Amino acid sequence: MSAPYRIAGKGRLTPARAVRFTFDGKHYAGLEGDTLASALLANGVHLVGRSFKYHRPRGFLSAGAEEPNALVGVHRDAARKTPNVRATVQELYDGLEAVSQNRWPSLALDVGAINDLASPLFSAGFYYKTFMWPKAAWKRFYEPNIRAAAGLGVAPDQADPDHYAARYAHCDVLIVGGGVAGLTAALAAAETGARIMLVDEQAEPAGALRYESGTRIDGQDGWDWAQAAVQTLRGMDNVHLLTRTTAFGYYTQNMVALSERVTEHLAEPQQDLPRERLWQVRAKRVILATGAIERHMVFANNDRPGIMLASAGRSYLNHHGVAVGRRVGIYTANDSAYHAAVDLKQAGVDVPAIVDLRDNPQGPGVDAARALGIPIHAGRAVVGVAGRQRVTAMNVQAKGGGAVNPIPVDALLTSAGWTPSVHLFSQSRGKVAYDDAGKRFLPGVGAQDCVSIGACNGTDDLDDLLSEAIKAGREAAKAAGIATGRAGPKLKATSSESWSGGMIGAGPGADADSKGKAFVDFQNDVTAKDIRQAVREGMQSIEHVKRFTTNGMATDQGKTSNLHGLAIAAEMLGKAVPAVGLTTFRAPYTPVTFGALANYSRGDQFDPTRRTAIHPWAEAKGAVFEDVGQWKRARYFPRAGEDMFAAVNRECRTVREAAGLFDASTLGKIEVVGPDAASFMELLYTNPWQKLEPGRCRYGIMLREDGFIYDDGVVGRLAPDRSHVTTTTGGAARVLNHMEDYLQTEFPHLKVYLTSVSEQWAVIAVQGPKSREIIAPLVEGIDLSDAAMPHMSVREGKICGVPTRLFRMSFTGERGFEVNVPADYGQAVWEALWAEAEKHGACAYGTEAMHVLRAEKGYIIVGQDTDGTATASDVGLDWAVGKKKADFVGKRGMARPDLVAAGRKQLVGLRSPDGKTVLEEGAHLVADPNQKVPMTMIGHVTSSYWSENCGHPIALAMVVDGHNRMGEKLFVPMPNGTIEVEVTGTVFFDETGERLHG
Amino acid sequence: MLLIRCPYCEEDRPELEFRHAGEAHLVRPSNMDAMSDAEFERFLFIRQNPKGVVFERWRHVHGCARFFNAARDTITDKFVTTYKAGEPKPTLEGAEE
Amino acid sequence: MAEPIGTLRRPALSDKRAARDTVSIKAADPCLRVALRAPRESVAAVSTALGVALPSRPKMSGSDGARSALWLGPDEWLVLDQAGNEMLPALAKVDAFHSAVDVSHRNVGIIVSGRGAADVINAGCPQDLSLTAFHVGACSRTLLGKIEIVLWRIAEDEFRIECWRSFADYADSLLRVAARDVSSS
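Reading the values: rules and limits
- Residues numbered from 1 in each chain as written.
- Chains lettered and ligands numbered in written order.
- Predicted model: local features only at pLDDT ≥ 70, side-chain atom pairs only at ≥ 80, totals over all residues.
- Heavy atoms only, no water.
- Helix = DSSP H or I, 4+ residues; strand = E, 2+ residues; numbered from the N terminus.
- Buried < 20%, exposed > 50% of the residue type's maximum accessible area, 1.4 Å probe, protein only.
- Areas by Shrake-Rupley, 256 points an atom, 1.4 Å probe, with all protein chains shown as cover.
- Lys, Arg positive; Asp, Glu negative; His and termini not counted.
- Charge placed at Lys NZ, Arg CZ, Asp CG, Glu CD.
- Disulfide = S-S within 2.5 Å.
- Contact = heavy atoms within 4.5 Å.
- Salt bridge = Lys/Arg side-chain N within 4 Å of Asp/Glu carboxyl O.
- Polar contact = N/O pair within 3.5 Å; in protein donor to acceptor, adjacent residues only side chain to side chain.
- Nonpolar A, V, L, I, M, F, W, Y, C, P; charged D, E, K, R; others polar.
- Pairing = 2+ DSSP bridges.
- Axes fitted to C-alpha atoms, helices over the stretch in contact; angles between N-to-C directions.
- Core = buried A, V, L, I, M, F, W, Y, C linked by side-chain atoms within 4.5 Å.
- Expected span 1.5 Å × (residues − 1).
- Domains from an automatic or database assignment.
- Buried area = accessible area lost by both parts, 1.4 Å probe.
- Parallel < 35°, antiparallel > 145°, perpendicular 65-115°, else oblique.
- Left-handed = near helix turned anticlockwise from the far one by under 90°.

Of regular secondary structure, chain B possesses 1 helix and 6 strands. Mapped from its N terminus to its C terminus, chain B presents α and β elements in the order β-β-β-α-β-β-β. Dimensions of chain B, computed from the C-alpha atoms along their principal axes, are close to 45 × 30 × 20 Å. Taken over 97 residues, chain B has a buried fraction of 47%. For chain B, the exposed area adds up to about 5,100 Å²; of that, 49% sits on carbon and sulfur atoms. Averaging the coordinates of the 14 positive side-chain charges in chain B and doing the same for the 17 negative ones gives two points 4 Å apart.

This brings us to the state of the cysteines. Overall, the coordinates contain 0 disulfides over all chains when judged by the stated rule. Of all cysteine sulfurs, the one in Cys31 of chain C lies closest to Cys163 of chain C, which takes part in no disulfide; the gap is 12 Å.

This part covers the interface of chain C and chain A. In this complex, chain C contributes 51 residues to the contact, which on the side of chain A involves 52 residues. Applying the counting rule to chain C against chain A returns 8 salt bridges. Between Asp181 of chain C and Arg277 of chain A there is a salt bridge; the shortest N-O distance is 2.4 Å. The interface formed by chain C and chain A holds 23 residue pairs in polar contact (both at pLDDT 80 or more) in total. Contributing elements (two or more residues each) for the side of chain C that touches chain A: strand S2 (32–37), strand S6 (99–102), helix H3 (117–122) and helix H4 (168–184) of chain C. By residue number, the principal contributor to the side of chain C that touches chain A is H4 of chain C, which donates 10 residues. Across the side of chain C that touches chain A, the residue classes break down as 24 nonpolar, 12 polar and 15 charged.

Residues and elements named next belong to chain A. A sheet is described by the order of its strands in space; here 5 strands give the open sequence S17-S24-S18-S19-S20, paired in parallel fashion. What marks the edges here is a single partner per strand, and that holds for strand S17 (307–309) and strand S20 (376–378). Adjacent strand axes in the sheet meet at a mean angle of 20 degrees when their direction is disregarded. Its contacts with the sheet place helix H7 (residues 310–318) against S17 and strand S24 (411–415), and it is angled at close to 85 degrees to S17. Seen against the sheet, helix H8 (residues 336–346) touches strand S18 (328–332), strand S19 (354–356), S20 and S24 and runs at an angle of roughly 165 degrees to S18.

This paragraph deals with H7 of chain A. Residue and element names in this part refer to chain A. Of all 9 residues making up H7, 9 are buried, and the element is well covered by its neighbours. Among the residues making up H7, those that are buried are Ala310, Ser311, Ala312, Gly313, Arg314, Ser315, Tyr316, Leu317 and Asn318. Residues of H7 that are buried in the fold lie against helix H1 (36–42), strand S16 (292–294), S17, H8, S24 and strand S25 (418–420).

Moving on, we get to the nonpolar core. Counting 57 residues, the largest nonpolar core has Leu36, Leu40, Phe60 and Leu413 of chain A as its most contacted members. Filtering out sequence-adjacent residues up to four positions away, Phe60 of chain A remains in contact with Ala37, Leu40, Leu41, Val45, His46, Val48, Glu67, Ala70, Ala87, Thr88, Ile307 and Met308 of chain A.

It is worth spelling out H4 of chain C at this point. With 17 residues, H4 of chain C should cover 24 Å at 1.5 Å per step; its first-to-last C-alpha distance of 24 Å lies within 8% of that length. In terms of residue burial, H4 of chain C counts as a mostly covered element, since 13 of its 17 residues are buried.

Quick look at the domain arrangement of chain C now. Residue and element names in this part refer to chain C. Each assigned domain of chain C is listed with its residue range as follows: domain 1 (15–30 + 106–185) and domain 2 (31–103). One C-alpha centre belongs to domain 1, the other to domain 2; they are set 23 Å apart. Listed by partner, the interface residues are 19 residues for domain 1 and 15 residues for domain 2. Across the domain 1 to domain 2 interface the summed buried area is about 1,400 Å²; carbon plus sulfur atoms make up 52%. Of all residues in domain 1, the largest losses of buried area upon contact with domain 2 belong to Cys139, Arg141 and Trp152, amounting jointly to 38% of the total for that side. Between domain 1 and domain 2 we count 2 salt bridges in total. A salt bridge links Glu162 to Arg33, with the shortest nitrogen-to-oxygen separation between them at 2.6 Å. Where domain 1 packs against domain 2, one counts 11 residue pairs in polar contact (both at pLDDT 80 or more). Among the elements of the structure, strand S7 (107–113), strand S8 (139–144), strand S9 (147–155) and strand S10 (158–164) are those that each provide at least two residues to the side of domain 1 that touches domain 2. Broken down by class, the residue content of the side of domain 1 that touches domain 2 amounts to 8 nonpolar, 6 polar and 5 charged.

It is possible for side chains of opposite charge to pair when their charged atoms get near one another. Under the counting rule described, the total for this entry stands at 70 salt bridges over all chains. Notably, a salt bridge pairs Asp181 of chain C with Arg167 of chain A, separated by 3.3 Å at the nearest N-O pair. You can see Asp181 of chain C sitting in helix H4 and its partner Arg167 of chain A sitting in strand S8 (residues 165–176), one on each of two chains. Accessibility classification places Asp181 of chain C together with Arg167 of chain A in one group, the buried group. Residue Asp786 of chain A pairs with Arg808 of chain A through a salt bridge whose shortest N-O separation is 2.6 Å. Here Asp786 of chain A is found in the loop between strand S41 (779–780) and strand S42 (793–799), whereas its partner Arg808 of chain A is found in strand S43 (residues 802–808), with 22 residues between them in sequence. Connected through salt bridges with shared partners, the residues Arg167, Glu260 and Arg277 of chain A together with Asp119 and Asp181 of chain C form a single ionic network.

Residues and elements named next belong to chain A. Interaxial distance between helix H5 (residues 180–190) and helix H11 (residues 462–479) falls to 7 Å at its minimum, and their mutual angle equals 40 degrees. Judged by the inter-axis angle, H5 sits oblique to H11. Relative to H11, H5 is oriented so that their crossing is right-handed. Each of Val180, Ala181, Thr184, Ala185, Ala188 and Ala189 in H5 lies in contact with H11, whose residues at this interface are Leu462, Leu465, Leu466, Ala469, Ile470, Gly473, Arg474 and Ala477.

This is the structure in structure tokens:
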């Protein structure tokens, strides 16, 4: 084996399964099952990155998700470049390419390291105080340079070529964490038959059993037991086991979000596999078995590569078969680090000293270390180290001071004790409680249906933990409504592991008057000194200390640093730790990709694209489409050589000279059925409806209760108890909601039902003097004569052999029909009508011509000419308000003082005296163009077009007191000069309306 | 995402299927024409928005499509109860009258 | 409504069969649909006219041959006739207050079947689709991603999704990308 730090016979990886990879372009070999971290360590590589602020050389701190230092870029190809990957989490695959970050020109020689020397400038609060002047320099100079110098990896510059999946899931019991507690709880819950989901962030669940050597369960080595338990659970139909999956968010009512990494570990992922899968799990009960995270010791230069957590050193040794050094020192305040020393020593690694801050450490670990002859320096501290890019010695001193004794080491494992992972519990709004003896926060009063077990609950003793887990599994199943018949599993376990002891805060040599950098938060480069400074500068609450120093605010969210920071602040403040408070944990527990969060919401699935039944015909004819909400609507149908202006002019002219076909299918349509249909319409619209005869139509206006226009449309009364109501395209859904609201809650006594038929009917508007000739040959059973079917009437019959609701109505001012046919027949009927239309020189026209034609007639578009503050009177629709009606929605609102006051904005027409200038929609109007800026604006242009039929531009505008300004000159100040306009009526074409009927 | 019990579907359903619809138990007056401007303003615009239990309307818009009423605690964001439209306002501890 | 010239009809979704072993997604054949509304006191008369007892419990459906009634709300049902037998003439004769509206062309049916069917639908549908919570025959209006659907379980591993016509492409494409995931894992 080429990797120099791999120990033959140690670990669980298979030596024959070699995997090649590169780091900063250099080739290395690892083994299947390695993480990028374990493989680099096997090759003796500790230096893997530069720190965020000071560009200090950094190595690996941990062997897991809490890693603050070893962030690298992983590059698969030009588009697949993932920054800030934790090397301790990234599984190795053949051909993996990793690069270091935040260094230039190279990792070993980094210019940015000047920041470390200049560090007095960069202390806490530095940014807040320094880059204040001149103001403009922040954006142009300071921020870009600070961002370039500080920072993490580089974001990919190409679109993400991967795809991501999502799934909603439900279960009786969700168990987070597959360590001994989680696995045991899962076994107990699963045997009741409850639907179980068990999630674990590792490829192979085991939790602490991954590195523990002293635990035996049911006669098996801990790891082997865990793998057997996993096999048992995988074989059960009621268990869904998700590995490589992080429960990152705990939301309301036991909704837990999981991110499953599906292909991150694969050299050549199968095309169909999503890169990640987002799970939104709703669990009846949640069991949190999230374990605990080891803390580092805080002393000067504790960030040197080679200084790691004791459990990490053990993990690399016992799982990956990798020694983190040849001569490994231990610095601890906790028993568990002794087991690391023992395992290393037994594997043949030199352990020159265990430095223990405690005066009289005792227990099985201590005994075992002593038995192996490892020197124990009790009541002593590591106050500093030698070495820059790799630790070379630890400087040991008695707690009370005295001579400093350097002990040469090439790695140093530290342990300040264990911090229970209460992140998800805290996210669930549970309250944590401080355990003074254990110097830790533990789950206190819960807010949701969840329970914490094992190390995250402070349960250290293995027997206690097993019975706690079994109880939790059974009780969760029971609480989820599952009968728990039998007695539950019985597990026999023995363990020589010991977890007691620990300290929080800065150790000796990192006290208030020390000069070295003793790091609390590695990822954000926050030192013990920074936290003290924050307190000195007046920060009292931990929330303020956090924000001032950025302690715990990096992507690792302070998994290793929070408690140390809190303890240092508490000591400075002279308060107890719980009195200073703990910052709130927030989702996500570990970083989640945007891809997973967006999952399907991209491309075709980003938003539905709605197309009408006639869309394929328009597309084939070369129509240009526009987006109207989610709909694609044909905007115009350009012929060869035509631009939009020419096409729209031709379409407008053709409709008035011959006829045009228009796809109006997107209009909202509601069928109102029941004996009280007319009474209901009376209440929801301003117009009178009772006397509208079946077969006739009426233009209706709908108000909100506040008296403003909400929607409009034509309503056809098909029968005494049945009306076909149309709404604006954009209003379809909200108008039906508005009507249902009143029907269900205010007028429930009315016998009427509403049904959306927007998509039942394709609608073909045939408009123009030739419209009747076009439809006549295709219509059966309907007398189309003016006498039998006048303007504003509706008939049911057949067209092209299919049923139709045929409206005689017009949004153009021409004689017109709207042919409603069941949607699947829409295109065929359109094609038949088109064949007839062509005989008469008619055209297809789009939404742009439709807008011009209606504006020529002064027909408003709700939402364009109105803005939610317009009354019927404002837009000249008084005539549509049934003033004699006792009640309708908005009637009282219309009478509010402001709505009847003089000086409201009213809809008027505008003409440009030069006959050429088309105003810009949204342009403001003033009465006096020579007044001082800011001018008094008295209105704005709502619609504006070139009217080919009028031969001049036309515009509609809302103008203060507009109805009384007919003939007045107003002005539109524009960047290129002021345009003079004249106020006119809103009807520009066929003012008498003869063409509707003739 | 909240779970909301629809009193018509008689089941807890995901919040995505629902839409909030404002304060509950506001009755549209039958004599609106007779209301003074101040009275009408109170009816149309003035809402309670208390801290604690609120009574509000929801619509199971992507489910049974019914409007219904709910009592929800604005501090815990938890639903205290839901009930059908037209049913009387329940008496609840901590709720303002 | 009688079927006129068959070639005239252009359904929103042509039958694109998915060839995956775990799940199949295909357009349902066109059928007749009525959006039916009736208060409790009219249910018996309407049921008789339809020849299917309108279910009165949430999420229930009832079928008689090719005709099925799906409970959507306390006074609302979606009635499907997959044999093309007209329903509106018989309903027109019912005097009891009700509303029957032809929505045959408003909706599109999509059949999702295979052992991965529930997982595929759960890619966008937030409801619990286990057999205990959503038994065979259960139906519900709900969501699929960003659109509203009616979901009906016609067999343990077979669902019918009904959505509005213009949303069919979205539903179909979402189901297909989800099927890609479900089939690969």
